[in-house]
Amino acid sequence: MDKRLKVVVITQEDVFFIPKNIKLLSEVCDLVEIVNLKHKSSLENKVSDFVKWFGIIQVAKLGFKVIKQKIKSIIDRLFLYKIFKGECSVKDVASFLSVPYLEIKNVNSKYFIKKHLKEISPDLVVSYSAPQVFKEEVLSIPRLGAINVHGSYLPDYRGCLPSFW
């Protein structure tokens, strides 16, 4: 019998791409927890920056797309994830996959490290666009380390919306 990797996903809220990627990851490993990092650098906390960078019209267009996804999320929950299959938010995909979901503000906090990572003892941590640098104490817990999935070449194009560059 093949032993599948125990994986913790650490990410930020996203209604477009990350939930689908988490579902794909779940096909090849055992997801033991999905962590939504609600850090001050998360995309959801960058609206005023987006307005400065792209203008109100472009932000409004994106806002309507986000609202559409939020409505789809509500519909999906009402129909027990049978319509969009949990692909409308990170929390929805966790519910769809029956994976524990946690929201934290600091991935490097002693509480998260001791009460979650050390107790879970994952084989691997996968970071999907996490908006915070993981310190050595976090990186040393998973047996195989961590993989950072990022939309651009690091560190040259780090930060918010790196694919733009």
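Residues numbered from 1 in each chain as written. Predicted model: local features only at pLDDT ≥ 70, side-chain atom pairs only at ≥ 80, totals over all residues. Heavy atoms only, no water.

Visitor: Go over the overall build of the protein, please, and point to the residues and values.
Guide: Looking only at helices and strands, the protein features six helices and five strands. Start at the N end of the protein and walk to the C end: the helices and strands fall as β-α-β-α-α-α-β-α-β-α-β. Considering only contacts within the protein whose residues lie at least 6 apart along the sequence, 64% involve residues at least 24 apart. For the protein, the exposed area adds up to about 10,100 Å²; of that, 60% sits on carbon and sulfur atoms. (Helix = DSSP H or I, 4+ residues; strand = E, 2+ residues; numbered from the N terminus. Contact = heavy atoms within 4.5 Å. Areas by Shrake-Rupley, 256 points an atom, 1.4 Å probe, with all protein chains shown as cover.)

Visitor: Which residues make up the packing of helix α1 (residues 18-26) against helix α4 (residues 90-97), and what values go with them?
Guide: Orientation of α1 relative to α4, taken along the N-to-C sense of each, is 25 degrees, at an axis distance of 8 Å. The orientation of α1 relative to α4 falls into the category roughly parallel. Here α1 and α4 pass one another in a crossing that is right-handed. Residues I18, P19, I22, K23 and S26 of α1 touch α4, and the partners they reach there are V90, V93, F96 and L97. Per-class residue counts for the contact of α1 with α4 are seven nonpolar, one polar and one charged. (Axes fitted to C-alpha atoms, helices over the stretch in contact; angles between N-to-C directions. Parallel < 35°, antiparallel > 145°, perpendicular 65-115°, else oblique. Left-handed = near helix turned anticlockwise from the far one by under 90°. Nonpolar A, V, L, I, M, F, W, Y, C, P; charged D, E, K, R; others polar.)

Visitor: Can you break down the side chain of S89 residue by residue, with the values?
Guide: Topologically, S89 is positioned in the loop between α3 (56-78) and α4. With a relative accessible area of 7%, S89 lands in the buried category. In terms of polar contacts, S89 uses its side chain to reach the backbone amide nitrogen of D92, at 3.0 Å. (Buried < 20%, exposed > 50% of the residue type's maximum accessible area, 1.4 Å probe, protein only. Polar contact = N/O pair within 3.5 Å; in protein donor to acceptor, adjacent residues only side chain to side chain.)

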